[in-house]
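# Fold and contact review
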Amino acid sequence: MPEPASATTTEAGAESPESPATYAPGERTVPTRSANRAAYDHDTVHSILDAGYVCHLGFVRDGAPVVLPTLYGRVGNRLYLHGSTGSRPLRMAGEKDPGLAVCVTVTHVDGLVLARSAFHHSINYRSVVVHGTAHQVTDPEEKTAALDALVDHVVPGRAADSRPGNTKELAATAVIRLDLTEVSAKIRTGGPNDDPEDLSLPHWSGVVPVTPTYGAPIPSDDLAPGIAAPAYLQNL
Ligand SMILES: Cc1cc2nc3c(=O)[nH]c(=O)nc-3n(C[C@H](O)[C@H](O)[C@H](O)COP(=O)(O)OP(=O)(O)OC[C@H]3O[C@@H](n4cnc5c(N)ncnc54)[C@H](O)[C@@H]3O)c2cc1C
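Reading guide: rules and limits
Position numbers for residues start from 1 in each chain and track the written sequence from start to end. Per-residue local features of the predicted model are confined to residues with pLDDT of at least 70, and side-chain atom pairs are confined, for both listing and counting, to 80 or more; whole-chain, interface and lining totals are unaffected and use all residues. Derived side-chain values reflect all non-hydrogen atoms in the structure, with water molecules and hydrogen atoms excluded from consideration. Strands here are runs of E lasting at least two residues and helices are runs of H or I lasting at least four, both read from the DSSP assignment and numbered beginning at the N terminus. Residues adjacent in sequence count toward polar contacts only when both atoms are side-chain atoms; beyond that, a polar contact is any pair of N or O atoms within 3.5 Å, and within protein one must be able to donate a hydrogen and the other to accept it. Values of pLDDT, the confidence the predictor places in each residue, fall between 0 and 100. Only heavy atoms enter the contact rule, under which two residues are in contact if any of them lie within 4.5 Å. Proximity criterion: a residue is near a molecule or strand once any of its heavy atoms comes within 4 Å of it. Method for areas: the Shrake-Rupley scheme with a 1.4 Å probe, in which residue coverage is limited to the protein chains shown. For this classification, Asp, Glu, Lys and Arg are treated as charged, while Ala, Val, Leu, Ile, Met, Phe, Trp, Tyr, Cys and Pro are nonpolar and the rest, including Gly, are polar.

This next bit is on the side chain of arginine 177. Take arginine 177: it is sitting in strand 8 (residues 173-179). There is a polar contact of 3.1 Å between the side chain of arginine 177 and the side chain of glutamate 142.

Encoded structure:
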């Protein structure tokens, strides 16, 4: 199946200002159900991607599907995933000339939706699904930028505040790139959709909001004296 052309991907994965800021919905990216909850504009897709740092990487290994949780970073219209050069999907992306066919998902749970009926229970969420072909990054500059993006995705500002990878560490780390072309976001908001005949039932209904929280930073036991937790940790 031909991949729909990205509205904006450039050679460097940067956004081109003259192109519309949306991904083109394609055969693989329109949900069968609740398609009204789908979105393709860059603002929505990128904000969901940027709000997270754990994705699920799906690919086919020896004829069977595998899904692995892993970190990611975004630079423009590209996702970067990294791992040991021994990691199987990263190796597969480098071995096969056309790359590795993957599906990457990112999910945020925003609320538990409790309906009167068991049937109408639901979840408020924001999610992104990316279909495409992952390729190993071999250009040293792109690899370094991708690794910085991965670190900054988890803790913004951290890449500049840590020792850069040395030659040995970079050689032991594989990075794969996935262009954002076949991309969809899906969002559910709001309360339960109970049937009218259930509204008078004696069961509580509504939404329990879910928000991620960070605890106070715990210094390493062997941290040299006088190093305070950096300001960017206060703003996580
Ligand atoms: C936390 C969470 C919990 C969910 N729980 C359920 C559940 O219990 N039961 C259930 O039926 N559904 C659940 N969903 C929704 C689910 O992800 C699918 O959207 C839904 O199953 C409809 O699938 P479909 O047949 O339309 O998908 P398909 O028609 O197979 O999807 C076609 C394409 O639409 C896009 N797409 C579909 N779903 C999503 C998505 N969530 N985000 C971004 N793009 C998407 C993808 O590009 C996909 O390839 C949940 C979603 C989230 C985030």
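Once you've had a look at it, read on.
Low-confidence regions, as indicated by low pLDDT, have predicted coordinates that should not be scrutinised in detail. Across the chain, the average pLDDT comes to 90, with 90% of residues at or above 70. Mean pLDDT values over the elements of the chain span from 75, in helix 2 (residues 88-95), up to 98, in strand 10 (residues 206-209). The model gives residues 1-13 a pLDDT under 50, and that stretch makes 42 contacts with residues more than four places away or in other chains.

A word on the site of the ligand. Near the ligand you find 14 residues, and of these Arg28, Thr32, Arg33, Ser127 and Lys186 are the closest. Residue proline 31 places a main-chain N or O atom 3.1 Å away from an oxygen atom belonging to the ligand. Here an oxygen atom of the ligand sits 2.3 Å away from a polar atom, N or O, in the side chain of threonine 32. Surface burial for the ligand is 59%, taken as the share of its 870 Å² of free accessible area covered by protein chains. For the shell around the ligand, the elements supplying multiple residues, two or more each, are strand 7 (122-136) and strand 9 (182-188). Per element, the largest residue contribution to the shell around the ligand is 4 residues, and it comes from strand 7. Classifying every residue of the shell around the ligand by side-chain character gives 5 nonpolar, 6 polar and 3 charged.

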